Amino acid sequence: MPDTAPETLPVLNWLEGRHDVYSREGAADLQSSIHRGLMNTFKDEAGAAAFLASDRSHWRQQAIIKSQFVMGKTFAGSILEIGAGTGWCSSLLSTLAQVDRVYCSDYDRTAVETLMPQVQKVLHAVPGKIQRVYGSFNSIPMENEVDTVVSIGALHHSENLYVTLSECFKALKPGGWLVASEPTYPDTETNKQIAARYKKEDPASVKKYGKVTRHEDNSDHYYRLSEFIAAAHSAKFDVFPFIFDLTGSRHADDRTLSERKTATGFLANVLYPYFAKNPVNPMFDTLLLVLQKPVNGGDDLHHVLSGAGRSWKSV
Ligand SMILES: C[S@@+](CC[C@H](N)C(=O)[O-])C[C@H]1O[C@@H](n2cnc3c(N)ncnc32)[C@H](O)[C@@H]1O
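Rules and cut-offs
- Residues numbered from 1 in each chain as written.
- Predicted model: local features only at pLDDT ≥ 70, side-chain atom pairs only at ≥ 80, totals over all residues.
- Heavy atoms only, no water.
- Salt bridge = Lys/Arg side-chain N within 4 Å of Asp/Glu carboxyl O.
- Helix = DSSP H or I, 4+ residues; strand = E, 2+ residues; numbered from the N terminus.
- Buried < 20%, exposed > 50% of the residue type's maximum accessible area, 1.4 Å probe, protein only.
- Core = buried A, V, L, I, M, F, W, Y, C linked by side-chain atoms within 4.5 Å.
- Contact = heavy atoms within 4.5 Å.
- Pairing = 2+ DSSP bridges.
- Right-handed = clockwise from strand over helix to strand, strands pointing away.
- Near = heavy atom within 4 Å.
- Polar contact = N/O pair within 3.5 Å; in protein donor to acceptor, adjacent residues only side chain to side chain.
- Areas by Shrake-Rupley, 256 points an atom, 1.4 Å probe, with all protein chains shown as cover.
- Nonpolar A, V, L, I, M, F, W, Y, C, P; charged D, E, K, R; others polar.

J.: So what exactly am I meant to see when it comes to the pattern of salt bridges here?
T.: Close approach of charged atoms allows side chains with opposite charge to pair. Scanning all chains against the criterion turns up nine salt bridges. For the salt bridge of Glu 167 with Lys 170, the shortest nitrogen-to-oxygen distance reads 3.6 Å. Pair noted here: Glu 167 and Lys 170 are both in helix H6 (residues 161-171), with a separation of three residues, about one helical turn. Accessibility expressed as a relative area gives 16% for Glu 167, which makes it buried. Overall, Lys 170 belongs to the partly exposed group, its relative accessible area being 27%. Between Glu 216 and Lys 199 there is a salt bridge, and its shortest N-O distance comes to 3.1 Å. In this pair, Glu 216 sits in the loop between helix H8 (205-209) and helix H9 (225-234) while Lys 199 sits in helix H7 (residues 191-199), placing the two residues 17 residues apart along the sequence. Owing to a relative accessible area of 10%, Glu 216 belongs among the buried residues under this scheme. What emerges from the salt-bridge pattern is a single network uniting Lys 199, Arg 214, Glu 216 and Asp 217.

In structure tokens:
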């Protein structure tokens, strides 16, 4: 065997000469500061292992694993991860035998150029399968190309869910799936409550960014479930949302998921909305959102939400 590391592919730049009008000014710089901090977390294998063992990361891994029950298939072929940050999920997915290409994308240069290679190394990713992409999930230059789109805590940073989901829809092959683990709020939230939260100072901001910021500065949109579903339907997806109730505890464990599986069948195409018990302080990533691009590409859909079809004619 040659004693050389597998080839690392050069970074693709999907933002070359383009300005993403749907991203908030300055939000990528805030992400950059988080990503610089994560360089230290992923400095070696022990640091990476501690990160993956944390409650939040463990929960997110479980959501991605269990999404395969909903899709009725295992991850295979080509995957696009949007808002990948460290790229830990792309790294793990690259090790699956049936996966042959993972596009690991983010709109923060620090993440793509410096952090992702380091994370890939300590997680023993297969670099020859990973295509790093500097790009926004609001502008994806792919058509009918990938089998699966993965989002871990990224979609809720979208300033326009319809635009983002439509771009993902376009990138997917007919019959392809989008799997997202995201925070969400109950539909009973009022607009006033939502607006108040966006304007609120993020209590962790000084630690994360070295300055005081509000949730909206980082595009932290904690959308209501109905907003995710409406945007997904408008983008022509079929929608399978799962809301997990951890009874107010943020502890993520295998039992919670397997009990749901026994109790509900947790089979493909089961719609199982289940709200967090404590809507005042909901947990992160209570939503596992699984979407499918219809096998016929959705072209027969002339639903009012899709924006397809008629326009006014002057007579
Ligand atoms: C909460 S972090 C999640 C990171 C990673 N998926 C994880 O699980 O650790 C959200 C990520 O979305 C990225 N992001 C936000 N808006 C984006 C956009 N318009 N296009 C691409 N990435 C974006 C951020 O840079 C950040 O890395």
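J.: Honestly, the nonpolar core in this entry has me stumped. Any pointers?
T.: As a rule of thumb, nonpolar side chains are buried together in soluble globular proteins. One finds Leu 80, Leu 155, Leu 165, Leu 178 and Phe 237 to be the most contacted residues of the largest nonpolar core, which totals 33 residues. For this core, the secondary-structure elements that each account for two or more residues are strand S2 (77-82), strand S5 (146-152), H6, strand S6 (172-182), H7, H9 and strand S8 (287-292). In terms of residue count, H6 provides more of this core than any other element does, five residues in total. Setting aside anything within four residues of it in sequence, one finds Leu 165 in contact with Leu 155, Leu 178, Phe 228, Ala 231, Ala 232, Ala 235, Phe 237 and Leu 291. Core analysis: the next-biggest nonpolar cluster, separate from the first, contains 27 residues, Leu 38, Ala 63, Val 70 and Val 102 among them.

J.: Explain the pairing of S6 here, please?
T.: Put simply, side chains in a regular strand alternate between the two faces of the sheet. Counted residue by residue, S6 has nine buried out of eleven residues, so it is predominantly covered. Pairing of S5 with S6, which is carried by six bridges, proceeds in the parallel orientation. The residue bridging Val 146 from the neighbouring strand is Leu 172, located in S6. In terms of handedness, the path from S5 via H6 over to S6 forms a crossover that is right-handed. Across six bridges, S6 lies against S8 in antiparallel orientation. Counted as the bridge partner of Ala 180 is Leu 289 from S8.

J.: Help me understand the environment of Pro 203 in this model?
T.: On the secondary structure map, Pro 203 appears in the loop between H7 and H8. The spacing of Pro 203 and Arg 214 is eleven residues in sequence and 8.6 Å in space, taken between C-alpha atoms.

J.: Teacher, can you tell me more about the site of the ligand here?
T.: Neighbouring the ligand are 19 residues; Gly 83, Trp 88, Asp 106, Phe 137 and Ile 152 lie closest to it. Measuring from a nitrogen atom of the ligand, one finds a side-chain N or O atom of Ser 23 at 3.2 Å. Between the ligand and the protein, one listed contact pairs an oxygen atom with a side-chain N or O atom of Trp 88 at 3.1 Å. Burial of the ligand by the surrounding chains reaches 91%, relative to a free accessible area of 600 Å². In terms of residue class, the shell around the ligand is built from six nonpolar, ten polar and three charged.

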